[in-house]
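The primary structure of each chain is shown beneath.
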Amino acid sequence: MNAYRASLLWFAPRSEGVARALFEKDGLLVVGPDLQGRQVVQAIGGYSTVSKQYPQVPVQHFPGRIIAPGFVDLHIHYPQIDVIGSPASGLLPWLENYTFPEENRFSAPDHSAQAATFFVAELLRNGVTTALTFATSHPESVNALFAEAQARRMRMITGLVLMDRHAPDFLVNQGQGSVSGTEQSLRDTESLIQRWHGVDRLGYAITPRFAPTSTDAQLRGAGELAKQFGDVWIQSHVAENKDEITWARELFPASRSYLATYDDFGLMRERAIYAHCIHFDDDDRALMRDTGAAAAISPTSNLFLGSGFFDYEGADRVGYQYGLASDVGGGTSFSPFHTMLAAYYVGREGQTKPGLSLTPQHLWWQHTAGAAGALGLDGANGGPAVGNLLPGCEADFVVLNPQATPLLARKTALASNLDELLFSLIVLGDDRLVEKTVISQAL
Ligand code: GUN
Ligand code: ZN
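### What to know about the overall build of the chain
Helix and strand counts for the chain come out as 16 helices and 15 strands. Computed over its C-alpha atoms, the radius of gyration of the chain comes to 21 Å, within 12% of the 22 Å expected for a compact globule of 443 residues. Along the first, second and third principal axes, the C-alpha atoms of the chain reach 65 × 50 × 40 Å. Summarising the internal contacts of the chain: among those between residues at least 6 apart in sequence, 72% fall at separations of at least 24.

### Things to note about helix 5 (residues 181-196)
Over its 16 residues, helix 5 extends 22 Å from the first C-alpha to the last, a length consistent with the 22 Å expected when each residue adds 1.5 Å. For helix 5, the complete set of buried residues consists of Gly181, Thr182, Ser185, Leu186, Asp188, Thr189, Leu192, Ile193 and Trp196. Buried residues of helix 5, viewed axially, fall in a sector of 160°; they line one side. Residues of helix 5 that are exposed and point more than 90 degrees away from the buried face comprise Ser191 and Gln194. In this structure, the buried residues of helix 5 make contact with helix 4 (139-152), strand 7 (155-159), strand 8 (161-162), strand 9 (202-208) and helix 6 (216-228). Two residues or fewer after helix 5 comes glycine 198, characterised by a positive phi angle close to 85°.

### Concerning the sheet that holds strand 3 (residues 39-46)
As summarised here, the arrangement of the 6 strands in space is 3-2-1-4-14-15, forming an open sheet in which the pairing is mixed. Two strands lie at the open edges of the sheet, namely strand 3 and strand 15 (434-438), each paired on one side alone. The sheet shows a mean angle of 40° between the axes of neighbouring strands, taken without regard to direction.

### Considerations on the nonpolar core
If you look at the biggest cluster of nonpolar residues, it comprises 130 residues, and the most contacted ones within it are Leu29, Leu74, Leu145, Leu267, Ile273, Tyr274 and Ala295. Considering each element in turn, this core owes the most residues, 7 residues, to strand 1 (residues 2-11). Counting contributing residues per domain, this core is built from domain 1 (2-69 + 385-438) and domain 2 (71-355), each supplying no fewer than three. Residues in contact with tyrosine 274, not counting those within four places in the same chain, are Ser236, His237, Val238, Ala293, Ala295 and Ala296. Counting residues in each nonpolar core, the second largest holds 6 residues, with Leu91, Trp94, Tyr98 and Leu305 among its members.

### So, the site of ligand 1
The immediate surroundings of ligand 1 are formed by His77, Leu91, Leu95, Thr99, Arg209, Phe210, His237, Glu240, Ser301, Asp327 and Gly330. Considering each element in turn, the shell around ligand 1 owes the most residues, 3 residues, to helix 2 (residues 91-103). Among the residues forming the shell around ligand 1, the class breakdown is 3 nonpolar, 5 polar and 3 charged.

### Overview of the domain arrangement of the chain
Considered domain by domain, the chain is made up of domain 1 (2-69 + 385-438) and domain 2 (71-355). The centre of domain 1, based on its C-alpha atoms, is set 30 Å off from the matching centre of domain 2. Elements with a minimum of two residues in the side of domain 1 that touches domain 2: helix 16 (418-428) and strand 15. With 3 residues, helix 16 is the single largest residue contributor to the side of domain 1 that touches domain 2. Of the residues in the side of domain 1 that touches domain 2, the class split is 7 nonpolar, 3 polar and 3 charged.

### Quick notes on the packing of helix 15 (residues 406-413) against helix 16
Contact geometry for helix 15 and helix 16: axes closest at 9 Å, N-to-C directions at 160°. Considering their axes alone, helix 15 and helix 16 lie roughly antiparallel with respect to each other. In this structure, helix 15 crosses over helix 16, and the sense of that crossing is right-handed. Counting all contacts with helix 15, which are made through Leu407, Leu408, Lys411 and Thr412, the residues of helix 16 involved are Leu421, Ser424, Leu425 and Leu428.

### Points about the packing of helix 5 against helix 6
Across the interface, helix 5 lies against helix 6 with an axial gap of 9 Å and an inter-helix angle of 20°. Considering the angle they form, helix 5 stands roughly parallel to helix 6. In the crossing of helix 5 with helix 6, the sense of the turn from one axis to the other is right-handed. Within the contact between the two elements, helix 5 uses Thr182, Ser185, Leu186, Thr189 and Glu190 and helix 6 uses Ala217, Gln218, Gly221 and Leu225.

### Considering the environment of valine 142
Position of valine 142 relative to the elements: it lies in helix 4. Judged by local crowding, valine 142 falls into the buried class, with 30 C-beta atoms found within 10 Å. Each C-alpha atom of the pair valine 142 and glycine 159 lies 6.0 Å from the other, and the pair is 17 residues apart in sequence. Apart from the residues lying within four places of it in its own chain, the contact partners of valine 142 are Ala135, Thr158, Gly159, Leu160 and Leu192.

About the cut-offs
- Residues numbered from 1 in each chain as written.
- Chains lettered and ligands numbered in written order.
- Predicted model: local features only at pLDDT ≥ 70, side-chain atom pairs only at ≥ 80, totals over all residues.
- Helix = DSSP H or I, 4+ residues; strand = E, 2+ residues; numbered from the N terminus.
- Rg over C-alpha atoms; globule rule 2.2 N^0.38 Å.
- Contact = placed C-beta atoms within 7 Å.
- Expected span 1.5 Å × (residues − 1).
- Buried ≥ 20, exposed ≤ 12 C-beta atoms within 10 Å, placed from the backbone.
- Arc of directions from axis to C-beta.
- Pairing = 2+ DSSP bridges.
- Axes fitted to C-alpha atoms, helices over the stretch in contact; angles between N-to-C directions.
- Core = buried A, V, L, I, M, F, W, Y, C linked by C-beta atoms within 7 Å.
- Domains from an automatic or database assignment.
- Near = placed C-beta within 6 Å.
- Nonpolar A, V, L, I, M, F, W, Y, C, P; charged D, E, K, R; others polar.
- Parallel < 35°, antiparallel > 145°, perpendicular 65-115°, else oblique.
- Left-handed = near helix turned anticlockwise from the far one by under 90°.

In structure tokens form, the structure reads like this:
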């Protein structure tokens, strides 16, 4: 067992209501193996009480530092590292001019492997310890990312991008011999699930890119796999951009809405994460709630591409799950601090929807315990828990240095309560704040 002494930030259990942060100025986090040998939190609380219960355990002291849960990124594209900062007049030209040509490079296993190495290192450097990630339509890209994440013991969920139409020939799923691209993509999905899902800390996500780039047959096949493999994840995009919505409605006119298209093909259930979810009506929101699907809110991406503003008031009024995501490379930063600040801006926007002031505790929760809950990784039914430091959670955490820059040091010293401290970190923080990222180790 190991113990870490520092200021501690974590969240009250979900049963007590969402988004209540807990804080100990002089705290002790005790970490040790569970029955399967995974390093999990054994105890957390004030130093003076917890240290008495674990007198033999060696203590590492981080004076002036804050230990907090590793961040959870609900939606990111590893093949889009080099697409960050590509200007376009909106989503569809951005995809066509920058993103699709870039993703073509991932047909080469060497390129996939070196990008995966960079990507995982960059997530960890920014304090992200769990990510739900798009690969490309090439199986090599999926193998490369899983292999790298496994080597670094990161909790990584990814999958083969399904797109069998309305994309350049070099990117649509390729057939083999007499097997069509559509059929091959579904067979590849199934073999990748069998190879990687549940291995160490890895999970598979069935990944139709978005409805416009899949035929009915591909979406139907994806839905059948989602039923057959009930504990794999599903990830896609929805209702991000007005032109995208018009296109999706033309292609699937029988569905009630763009979102409902996914439901009609069996792609909405718990562990289904839809990126963006901006242009929704209340029926869409109710469909999210009733199916247990969750939204990956991607504010830096939505601001960069001019897609619109996620409606927090609508989401909370109807009551469906959500969490934060970087959506690199539409998104502009790997840093959870940049994403939380952008989410605050998006919440405040009050011209297209009610404007509200998200609290710093709520912003932080959306990128940790809230996002983990959206993934079904909150320990319910004895499963693994991440994104929090309650006893039993996997011991993924960050060590933050509030003195990392002169302005951070000056501003955080003035904080007179937890909200002021967290807001200073959110507004002024970036990768410099993350002194160390610790990943739960197997013994
Ligand atoms: N919709 C379909 N593909 C993409 C993508 O790669 N990025 C974003 N932001 N939206 C998408
Ligand atoms: Zn995306």
